[in-house]
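What follows is the residue order along each chain.
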Amino acid sequence: MMARIRVRYAPSPTGYLHAGGARSCLFNWLFARHHGGTFILRIEDTDRTRFYKSSLSDIVESLRWLGLDWDEGPEVGGPCGPYFQSERLPLYQKYARELIASGHAYRCYCSAERLKSLREGQRAATPAQNTDAASSHIGYDRHCRELTASQRAELESSGIVPVVRLKVPLDGQTAFHDLIRGRIAIQNEQMDDFVLLKSDGFPTYHLANVVDDHAMEISHIMRADEWIPSTPRHVIMYNAFGWTPPLYAHLPVILSPTGQGKMSKRKLVGTDGREYNVRIREFRSAGYLPEALFNFLALVGWSYDDKTEMLTREQAVEAFDLDHVSRSPAKFSYDKLDWMNGMYIRQLEVNDLAGRLHPFFNAAGVDIDMETVQRMTPLIRERMVKLTDCVALTDFFFVDELHYDPQLLIQKGMTSDQSRRVLSESEALLRETEFVEAALEPPLRAKAEELGLKARQFFGTLRIAITGREVAPPLFGTMEILGREKVLARIATARALLQ
Ligand code: GLU
């Protein structure tokens, strides 16, 4: 039987939320929701040198935008708070003392200079061709591990503030079972006595992470596989405390679209110059829908079945399981994301979509009221990939003057005389026709026939005259929005161009 499911996403606010972080968060969220468990957001902000405030608000905003709500954490509180590690220092200090008392940790008084020269010496002694870090014995030499009480007292009295290090077993191995990868083991001699508590009283990631996962009763840890090397260290700590470790599931690495290993946390540029968004805020401002990104990220390393791509949040929650999380590196296909985004755009109600487009018009400096956006939306949504596309797809509505090659007014198989007639007859007709989509179409079609022209030719000429483009949104709806005055003026201009 499964114990109470409690999972967490534990970002360090050292940068903006990126796709990899969001994917880890999403898997934890799906797992919690699937099992009716609890999803916790914990901020691992003990590295004060790398902390920055805008990163924290970015993480919170981006998660909310994606719809990844948390049951415990910042802004919502909960029984295991505070959820900021920087507010939990006494707890870590207490546990560090406990490990010292039980003989599992010790105070280390080595100076920064000593550690530096130790590292340099080790590096120099490591043969260049030896890339196996394990056999190169880089790490702390355990100088303070066996100090006597009087040696310690002497060092204390000289005013040195020690750090606390874990006594890693000198031999044997530490193993854990990963729910995705199976058994993972490491020789203890490959790990050094790493620091738990720094001299300023702040814990390292290892101490704070283990203490909090225990204190918050985390049942499963799902995190990126770059954390695998940390896990045996954590298991040693759990054993030292006499606690049962949570279950581990390390998520597959996400491959870079540029084909150079792992996806980075910063904007990527391919060899062809194509730019790839990586941060959630970039996807957002580029006009991706949160629904699409959610669906897409759910499938980065997890599969619903072997064919389904479009799935609702409910379907994903219903189906999510670790059995279908892959062990092999996951692709992040930007083309698929674009396709999916277009699909989601077309699934939205017109007014919903219009409401999401409006800010993008404003951001591009297009002064447009909501009602007009609502009228334009059905005309452009078929051709949209991203919300930002609305600006380019509609720019001809707003310009005073269209720029196009007048030759385009003479469609294939037409003479310039015929084109002139299309324009002049349409002009006459449009002076008296009611300017609504449904009323515009029949008389214009009849006119095309009367002139013995194909619809493609007749409307091709009109489309160029009215929009300046060969490919444009549906013509009658476009004319209705432009209004009689503008349409007639553009036709008049086109006639002049043909003279
Ligand atoms: N603070 C770590 C991070 O930034 C958490 C890793 C973990 O989930 O244990 O990813």
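Residues numbered from 1 in each chain as written. Predicted model: local features only at pLDDT ≥ 70, side-chain atom pairs only at ≥ 80, totals over all residues. Heavy atoms only, no water.

Draft legend 1. Looking closely at the overall build of the protein. Counting its regular elements, the protein contains 20 helices and 11 strands. Expected size for 499 residues packed as a compact globule is a radius of gyration near 23 Å; at 32 Å, the protein overshoots this value by more than 25%. The principal-axis extents of the C-alpha atoms in the protein amount to approximately 110 × 50 × 40 Å. For the protein, the proportion of its 499 residues judged to be buried stands at 50%. For the protein, the proportion of contacts with a sequence separation of at least 24, taken over those separated by at least 6, is 73%. Surface summary for the protein: the accessible area is close to 23700 Å², and the carbon and sulfur share equals 50%. (Helix = DSSP H or I, 4+ residues; strand = E, 2+ residues; numbered from the N terminus. Rg over C-alpha atoms; globule rule 2.2 N^0.38 Å. Buried < 20%, exposed > 50% of the residue type's maximum accessible area, 1.4 Å probe, protein only. Contact = heavy atoms within 4.5 Å. Areas by Shrake-Rupley, 256 points an atom, 1.4 Å probe, with all protein chains shown as cover.)

Draft legend 2. View of the pairing of strand β8 (residues 220-224). Burial runs high along β8: 5 of the 5 residues are buried. Direction of pairing for β8 relative to strand β9 (residues 247-251): parallel, over a ladder of 5 bridges. If you follow M222 over to β9, its bridge partner there is A249. The handedness of the β8 to β9 crossover, carried by helix α8 (residues 231-241), is right-handed. (Pairing = 2+ DSSP bridges. Right-handed = clockwise from strand over helix to strand, strands pointing away.)

Draft legend 3. Structural detail: the nonpolar core. In this structure, F332, L462 and M479 are the most contacted members of the largest nonpolar core, which totals 109 residues. Sequence-distant contacts of F332, that is, excluding residues within four places in its chain, are made with A19, I254, L255, P257, M263, F283, F296, L297 and V300. Judged by nonpolar contacts, the second largest core, of 36 residues, contains Y83, L207, V210 and I236. (Core = buried A, V, L, I, M, F, W, Y, C linked by side-chain atoms within 4.5 Å.)

Draft legend 4. Local environment of the environment of Q93. Inspection of the secondary structure assignment puts Q93 in helix α3 (residues 89-101). Here the alpha-carbon distance between Q93 and R346, two residues 253 residues apart in the chain, equals 54 Å. Look past the residues within four positions of Q93 in its chain and what remains in contact with it is L197 and G201.

Draft legend 5. The arrangement of the packing of aromatic side chains in detail. Tallied over the full model, the rule gives 22 aromatic pairs. Taking the centre distance of 6.2 Å and the plane angle of 40° together, the rings of F283 and F332 count as tilted. With F283 in helix α9 (residues 280-285) and F332 in the loop between α11 (313-319) and α12 (334-347), the pair connects residues that are 49 residues apart, well separated along the chain. The exposure classification of F283 matches that of F332, with both residues buried. (Phe/Tyr/Trp six-rings, centres within 6.5 Å; stacked < 30°, edge-to-face > 60°.)

Draft legend 6. Up close: the confidence of the model for the protein. When pLDDT is averaged along the protein, the result is 95; 97% of the residues meet or exceed 70. Confidence drops under a pLDDT of 50 for residues 130-136, and excluding neighbours within four residues, the segment shows 5 contacts in the predicted structure. (pLDDT = per-residue confidence, 0-100.)

Draft legend 7. View of helix α2 (residues 53-66). If you check α2, its first and last C-alpha atoms are 20 Å apart, about what 14 residues at 1.5 Å a residue would give, namely 20 Å. Along α2, the residues that are buried comprise S55, L56, D58, I59, V60, S62, L63, W65 and L66. Those residues of α2 that are buried lie in contact with β1 (6-9), α1 (19-35), β2 (38-41), α9, α10 (290-298) and α11. Looking one or two residues beyond α2, the residue adopting positive phi is G67, at roughly 80°. (Expected span 1.5 Å × (residues − 1).)

Draft legend 8. Inspection of the site of the ligand at higher detail. By nearness alone, every residue bordering the ligand is listed as R8, A10, S12, E44, Y205, N209, R223 and W227. Measuring from a nitrogen atom of the ligand, one finds a side-chain N or O atom of E44 at 2.6 Å. When the ligand sits alone it has 290 Å² of accessible area, and the protein chains cover 85% of it. Looking at the shell around the ligand residue by residue, the classes come out as 3 nonpolar, 2 polar and 3 charged. (Near = heavy atom within 4 Å. Polar contact = N/O pair within 3.5 Å; in protein donor to acceptor, adjacent residues only side chain to side chain. Nonpolar A, V, L, I, M, F, W, Y, C, P; charged D, E, K, R; others polar.)

Draft legend 9. Structural context of unusual backbone geometry. Of note, the amide linkage connecting G81 to P82 takes the cis form, showing an omega dihedral of -5°. A positive phi angle is found at E75, which is not glycine, with a value near 70°. Residue position: E75 is located in the loop between α2 and α3.

Draft legend 10. Representation of the environment of F194 in the model. Note that F194 resides in the loop between β6 (182-187) and β7 (195-197). Spatially, the C-alpha atom of F194 lies 31 Å from that of A330, the residues being 136 residues apart in sequence.

Draft legend 11. Spatial organisation of the packing of helix α18 (residues 455-467) against helix α19 (residues 475-482). Contact geometry for α18 and α19: axes closest at 11 Å, N-to-C directions at 35°. Viewed along their axes, α18 and α19 form a crossing whose handedness is left-handed. Here F459, L462, R463, I466 and T467 of α18 come into contact with α19, specifically with L475, F476, T478, M479 and L482. Of the residues in the contact of α18 with α19, the class split is 7 nonpolar, 2 polar and 1 charged. (Axes fitted to C-alpha atoms, helices over the stretch in contact; angles between N-to-C directions. Left-handed = near helix turned anticlockwise from the far one by under 90°.)

Draft legend 12. Layout of the pattern of salt bridges. Throughout the structure, instances matching the rule amount to 34 salt bridges. D335 is the partner of R274 in a salt bridge, and the nearest nitrogen-oxygen pair spans 3.3 Å. Highlighted residues: R274 in the loop between β10 (268-269) and β11 (275-276) and D335 in helix α12, separated in sequence by 61 residues. Note on D335: relative accessible area 52%, which makes it exposed. (Salt bridge = Lys/Arg side-chain N within 4 Å of Asp/Glu carboxyl O.)

Draft legend 13. Quick look at the sheet that holds β7. Reading across from one edge, β3-β4-β7 is the order of the 3 strands in this open sheet, with antiparallel pairing throughout. For this open sheet the edge positions go to β3 (105-108) and β7, each flanked by a neighbour on one side alone. Averaged over neighbouring strand pairs, the angle between their axes works out to 45° when direction is ignored. Relative to β7, strand β4 (residues 163-166) runs antiparallel, the two being bridged by 2 bridges. Within the sheet, the bridge partner assigned to R165 lies in β7 and is V195.

Draft legend 14. Quick look at the side chain of D58. Following the sequence through the fold, D58 ends up in helix α2. On the basis of relative accessible area, D58 is assigned to the buried category, the value being 4%.

Draft legend 15. Structural detail: α1. Its 17 residues place the ends of α1 24 Å apart at the C-alpha level, agreeing with the 24 Å of an ideal helix rising 1.5 Å per residue. Taking burial as the measure, the 17 residues of α1 include 14 buried ones, the bulk of the element. One or two steps after α1, the chain reaches G36, where phi turns positive at roughly 65°.

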